[in-house]
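Examining the three-dimensional arrangement
Single-letter residue listing:
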Amino acid sequence: MRMNIARLIFNPFQENTYVLWDDSRECVVVDAGCYMPREENELTEFVRNKGLKPVMLVNTHGHVDHLLGVAAMKEEWNVPFALHGDDRFLVESARMHGALYGFEVKEIPQVEIDLKGRETLSFGNTVLRILHTPGHTPGHVCFFEPESKTLFSGDTLFRESIGRTDLPGGDYGWIMKSIVDRLLPLGDEVTFYPGHGPESTIGHEVLYNPFVTEVLNGDVKY
(Lines give C-alpha, C1' and ligand atoms only; values in the text may rest on other atoms or scores of the structure.)
Protein backbone atom coordinates (compact mmCIF):
# COMPACT_ATOMS: atom_id res chain seq x y z
CA MET A 1 0.00 0.00 0.00
CA ARG A 2 1.31 3.43 -0.94
CA MET A 3 -0.29 6.77 -0.24
CA ASN A 4 -0.13 9.20 -3.15
CA ILE A 5 -0.05 12.97 -2.64
CA ALA A 6 -0.94 15.77 -5.02
CA ARG A 7 -0.69 19.44 -4.10
CA LEU A 8 -2.86 22.05 -5.81
CA ILE A 9 -2.25 25.71 -4.95
CA PHE A 10 -5.36 27.88 -4.75
CA ASN A 11 -6.70 31.38 -4.01
CA PRO A 12 -4.75 34.62 -3.48
CA PHE A 13 -3.29 33.24 -0.23
CA GLN A 14 -1.50 30.50 -2.20
CA GLU A 15 -3.09 27.86 0.00
CA ASN A 16 -2.04 24.22 -0.43
CA THR A 17 -4.89 21.81 -1.08
CA TYR A 18 -3.88 18.14 -0.94
CA VAL A 19 -5.47 15.14 -2.61
CA LEU A 20 -4.52 11.87 -0.91
CA TRP A 21 -5.27 8.44 -2.36
CA ASP A 22 -4.03 4.86 -2.37
CA ASP A 23 -4.41 1.70 -4.45
CA SER A 24 -8.10 1.48 -3.54
CA ARG A 25 -8.65 4.70 -5.58
CA GLU A 26 -10.52 6.21 -2.65
CA CYS A 27 -9.32 9.71 -1.85
CA VAL A 28 -9.70 12.49 0.66
CA VAL A 29 -9.16 16.19 0.01
CA VAL A 30 -7.37 18.12 2.74
CA ASP A 31 -8.14 21.85 2.99
CA ALA A 32 -10.14 22.49 -0.18
CA GLY A 33 -9.21 26.14 -0.71
CA CYS A 34 -10.30 26.43 -4.35
CA TYR A 35 -12.10 29.74 -4.85
CA MET A 36 -12.52 30.70 -8.50
CA PRO A 37 -14.53 28.44 -10.84
CA ARG A 38 -11.36 27.54 -12.73
CA GLU A 39 -9.81 26.38 -9.44
CA GLU A 40 -12.84 24.26 -8.63
CA ASN A 41 -12.60 22.77 -12.12
CA GLU A 42 -8.91 22.08 -11.65
CA LEU A 43 -9.61 20.06 -8.53
CA THR A 44 -12.58 18.13 -9.92
CA GLU A 45 -10.79 17.40 -13.19
CA PHE A 46 -7.72 16.14 -11.35
CA VAL A 47 -9.84 13.72 -9.34
CA ARG A 48 -11.76 12.63 -12.44
CA ASN A 49 -8.66 12.15 -14.58
CA LYS A 50 -7.02 10.02 -11.90
CA GLY A 51 -10.14 7.87 -11.61
CA LEU A 52 -10.46 8.61 -7.91
CA LYS A 53 -13.48 8.28 -5.63
CA PRO A 54 -13.70 11.10 -3.07
CA VAL A 55 -14.98 9.88 0.30
CA MET A 56 -14.35 12.88 2.57
CA LEU A 57 -13.36 16.53 2.74
CA VAL A 58 -11.22 17.16 5.80
CA ASN A 59 -9.66 20.35 7.12
CA THR A 60 -6.68 20.96 9.33
CA HIS A 61 -8.44 24.06 10.64
CA GLY A 62 -11.29 26.45 9.98
CA HIS A 63 -9.67 29.55 8.48
CA VAL A 64 -11.47 30.84 5.43
CA ASP A 65 -8.58 30.44 2.96
CA HIS A 66 -8.62 26.69 3.68
CA LEU A 67 -12.41 26.53 3.52
CA LEU A 68 -13.35 28.34 0.33
CA GLY A 69 -13.96 25.27 -1.82
CA VAL A 70 -15.49 22.93 0.74
CA ALA A 71 -19.17 23.73 0.11
CA ALA A 72 -18.83 23.42 -3.67
CA MET A 73 -16.93 20.13 -3.44
CA LYS A 74 -19.46 18.72 -0.94
CA GLU A 75 -22.17 19.42 -3.49
CA GLU A 76 -20.08 18.03 -6.36
CA TRP A 77 -19.19 14.75 -4.68
CA ASN A 78 -21.86 14.35 -1.97
CA VAL A 79 -19.27 13.57 0.71
CA PRO A 80 -19.06 14.57 4.39
CA PHE A 81 -16.90 17.36 5.79
CA ALA A 82 -14.65 16.68 8.80
CA LEU A 83 -13.26 19.33 11.16
CA HIS A 84 -12.27 19.58 14.81
CA GLY A 85 -15.23 20.94 16.75
CA ASP A 86 -13.22 23.69 18.43
CA ASP A 87 -12.94 25.42 15.05
CA ARG A 88 -16.67 25.45 14.27
CA PHE A 89 -16.85 29.11 15.27
CA LEU A 90 -14.45 29.95 12.44
CA VAL A 91 -16.59 28.12 9.90
CA GLU A 92 -19.74 29.80 11.17
CA SER A 93 -18.11 33.24 10.86
CA ALA A 94 -16.48 32.51 7.48
CA ARG A 95 -18.54 35.11 5.62
CA MET A 96 -17.36 37.86 7.94
CA HIS A 97 -13.72 36.76 7.84
CA GLY A 98 -13.88 36.29 4.09
CA ALA A 99 -15.17 39.83 3.60
CA LEU A 100 -12.19 41.19 5.51
CA TYR A 101 -9.89 39.63 2.92
CA GLY A 102 -12.05 40.26 -0.13
CA PHE A 103 -13.50 36.74 -0.43
CA GLU A 104 -17.18 36.15 -1.06
CA VAL A 105 -18.23 33.08 0.90
CA LYS A 106 -21.48 32.04 -0.75
CA GLU A 107 -22.29 29.01 1.38
CA ILE A 108 -21.21 27.84 4.83
CA PRO A 109 -20.44 24.09 4.74
CA GLN A 110 -22.00 21.87 7.35
CA VAL A 111 -19.58 19.85 9.48
CA GLU A 112 -20.77 16.24 9.55
CA ILE A 113 -17.73 14.66 11.23
CA ASP A 114 -16.26 16.17 14.39
CA LEU A 115 -12.59 15.21 14.74
CA LYS A 116 -12.48 16.24 18.39
CA GLY A 117 -11.44 13.24 20.44
CA ARG A 118 -10.82 11.05 17.38
CA GLU A 119 -7.42 9.42 17.02
CA THR A 120 -7.52 8.26 13.39
CA LEU A 121 -9.05 9.00 10.02
CA SER A 122 -9.34 6.31 7.35
CA PHE A 123 -9.86 6.08 3.61
CA GLY A 124 -9.29 3.06 1.40
CA ASN A 125 -6.40 1.12 2.93
CA THR A 126 -4.86 4.17 4.59
CA VAL A 127 -5.10 5.23 8.23
CA LEU A 128 -4.04 8.74 9.23
CA ARG A 129 -3.31 9.61 12.83
CA ILE A 130 -5.02 12.80 14.02
CA LEU A 131 -2.82 15.07 16.12
CA HIS A 132 -4.53 17.97 17.90
CA THR A 133 -2.14 20.91 17.58
CA PRO A 134 -3.83 24.05 18.92
CA GLY A 135 -2.13 27.41 18.64
CA HIS A 136 -2.83 28.74 15.17
CA THR A 137 -6.48 27.98 15.94
CA PRO A 138 -8.02 26.18 18.94
CA GLY A 139 -9.12 23.18 16.89
CA HIS A 140 -6.15 22.85 14.56
CA VAL A 141 -5.17 19.27 13.75
CA CYS A 142 -2.36 17.64 11.77
CA PHE A 143 -2.56 14.32 9.95
CA PHE A 144 0.26 11.76 10.15
CA GLU A 145 0.75 8.64 8.05
CA PRO A 146 3.27 6.50 9.99
CA GLU A 147 4.22 4.05 7.24
CA SER A 148 5.46 6.73 4.86
CA LYS A 149 6.46 9.08 7.69
CA THR A 150 4.35 11.83 6.15
CA LEU A 151 2.76 14.71 8.05
CA PHE A 152 0.23 17.27 6.88
CA SER A 153 0.92 20.18 9.20
CA GLY A 154 -1.65 22.74 8.06
CA ASP A 155 -0.72 26.15 9.41
CA THR A 156 1.02 24.88 12.54
CA LEU A 157 4.49 24.34 11.09
CA PHE A 158 5.99 25.79 7.90
CA ARG A 159 9.43 25.48 6.37
CA GLU A 160 11.55 27.63 8.69
CA SER A 161 8.49 29.32 10.19
CA ILE A 162 5.29 28.72 12.16
CA GLY A 163 1.65 29.71 11.81
CA ARG A 164 0.35 33.08 12.87
CA THR A 165 -0.94 33.36 16.42
CA ASP A 166 -2.38 36.89 16.26
CA LEU A 167 -5.73 35.84 14.75
CA PRO A 168 -8.87 34.94 16.76
CA GLY A 169 -8.16 31.89 18.90
CA GLY A 170 -4.43 31.98 18.26
CA ASP A 171 -1.89 31.46 21.04
CA TYR A 172 1.91 31.46 20.73
CA GLY A 173 2.48 29.29 23.80
CA TRP A 174 0.08 26.67 22.54
CA ILE A 175 1.49 26.52 19.03
CA MET A 176 5.03 26.06 20.34
CA LYS A 177 3.84 23.40 22.77
CA SER A 178 2.07 21.64 19.89
CA ILE A 179 5.22 21.72 17.75
CA VAL A 180 7.65 20.67 20.47
CA ASP A 181 5.45 18.08 22.19
CA ARG A 182 3.44 16.64 19.28
CA LEU A 183 5.36 17.15 16.03
CA LEU A 184 9.08 17.05 16.78
CA PRO A 185 8.84 13.62 18.52
CA LEU A 186 7.57 12.12 15.25
CA GLY A 187 11.20 12.03 14.12
CA ASP A 188 13.73 13.97 12.05
CA GLU A 189 13.05 11.86 8.95
CA VAL A 190 9.37 12.84 8.76
CA THR A 191 8.46 14.91 5.70
CA PHE A 192 5.72 17.45 6.32
CA TYR A 193 3.43 19.21 3.88
CA PRO A 194 2.20 22.58 5.19
CA GLY A 195 -0.83 24.69 4.41
CA HIS A 196 1.29 27.23 2.54
CA GLY A 197 4.71 27.00 0.93
CA PRO A 198 7.02 24.05 0.25
CA GLU A 199 7.40 20.81 2.14
CA SER A 200 10.23 20.23 4.59
CA THR A 201 11.38 17.70 7.18
CA ILE A 202 11.22 17.76 10.95
CA GLY A 203 15.01 17.38 11.03
CA HIS A 204 15.45 20.49 8.91
CA GLU A 205 13.22 22.51 11.21
CA VAL A 206 15.09 21.39 14.32
CA LEU A 207 18.25 22.84 12.79
CA TYR A 208 17.03 25.86 10.82
CA ASN A 209 13.61 27.00 12.03
CA PRO A 210 14.34 30.04 14.25
CA PHE A 211 11.11 29.66 16.24
CA VAL A 212 11.99 26.05 17.04
CA THR A 213 15.70 26.50 17.71
CA GLU A 214 15.23 29.39 20.12
CA VAL A 215 12.86 27.27 22.19
CA LEU A 216 15.02 24.14 22.06
CA ASN A 217 18.07 26.21 23.03
CA GLY A 218 16.19 27.70 25.96
CA ASP A 219 16.41 31.26 24.59
CA VAL A 220 12.63 31.66 24.60
CA LYS A 221 10.10 30.28 27.05
CA TYR A 222 6.52 29.44 26.08
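Higher on the page you've got the structure.
Residues numbered from 1 in each chain as written. Predicted model: local features only at pLDDT ≥ 70, side-chain atom pairs only at ≥ 80, totals over all residues. Heavy atoms only, no water.

Side note on the packing of helix α1 (residues 37-50) against helix α2 (residues 70-77)
- In contact at an axis separation of 11 Å, α1 and α2 are set at 40° when each is read in the N-to-C sense. On the basis of the axis angle, α1 is oblique to α2. For the pair α1 and α2, the crossing hand works out as right-handed. From α1, E40, L43, T44, V47 and R48 reach across to α2, where they touch A72, M73, E76 and W77.
- By residue class, the composition of the contact of α1 with α2 is 5 nonpolar, 1 polar and 3 charged. (Axes fitted to C-alpha atoms, helices over the stretch in contact; angles between N-to-C directions. Helix = DSSP H or I, 4+ residues; strand = E, 2+ residues; numbered from the N terminus. Parallel < 35°, antiparallel > 145°, perpendicular 65-115°, else oblique. Left-handed = near helix turned anticlockwise from the far one by under 90°. Contact = heavy atoms within 4.5 Å. Nonpolar A, V, L, I, M, F, W, Y, C, P; charged D, E, K, R; others polar.)

Looking at the sheet that holds strand β3 (residues 26-30)
- What the 6 strands build is an open sheet, ordered β1-β2-β3-β4-β5-β6; its pairing is mixed. On the outer flanks of this sheet lie β1 (4-10) and β6 (113-114), each paired with one strand and no other.
- Bridge count between strand β2 (residues 15-21) and β3: 4 bridges; the pairing is antiparallel. Each residue of the ladder has a partner; that of L20, found in β3, is V28. (Pairing = 2+ DSSP bridges.)

Quick look at the pairing of strand β8 (residues 126-132)
- Taken together, the 4 bridges between strand β7 (residues 120-123) and β8 define a ladder with antiparallel strand orientation. Note on β8: the bridge partner recorded for S122 is V127.
- Two successive antiparallel strands, β7 and β8, enclose a turn made up of 2 residues, where G124 displays a positive phi of approximately 55°.
- Note: β8 against strand β9 (residues 141-145), 4 bridges, orientation antiparallel. Note on β9: the bridge partner recorded for I130 is F143.

Some thoughts on the pattern of salt bridges
- A full pass over the atoms with the stated rule returns 6 salt bridges.
- Here K74 makes a salt bridge to E112, at a shortest N to O gap of 2.6 Å. With K74 in helix α2 and E112 in the loop between α4 (94-100) and β6, this residue pair connects regions lying 38 residues apart in the sequence.
- Classification of E112 as partly exposed rests on a relative accessible area of 38%.
- Of the charged contacts, one joins E189 and K149 as a salt bridge, the two residues approaching to 3.5 Å between their closest N and O atoms. One end of the pair, E189, is in the loop between α5 (172-183) and β13 (191-194); the other, K149, is in the loop between β9 and β10 (150-154), with 40 residues separating them in the sequence.
- With relative accessibility at 46%, the residue E189 sits in the partly exposed group.
- Overall, K149 belongs to the partly exposed group, its relative accessible area being 34%. (Salt bridge = Lys/Arg side-chain N within 4 Å of Asp/Glu carboxyl O. Buried < 20%, exposed > 50% of the residue type's maximum accessible area, 1.4 Å probe, protein only.)

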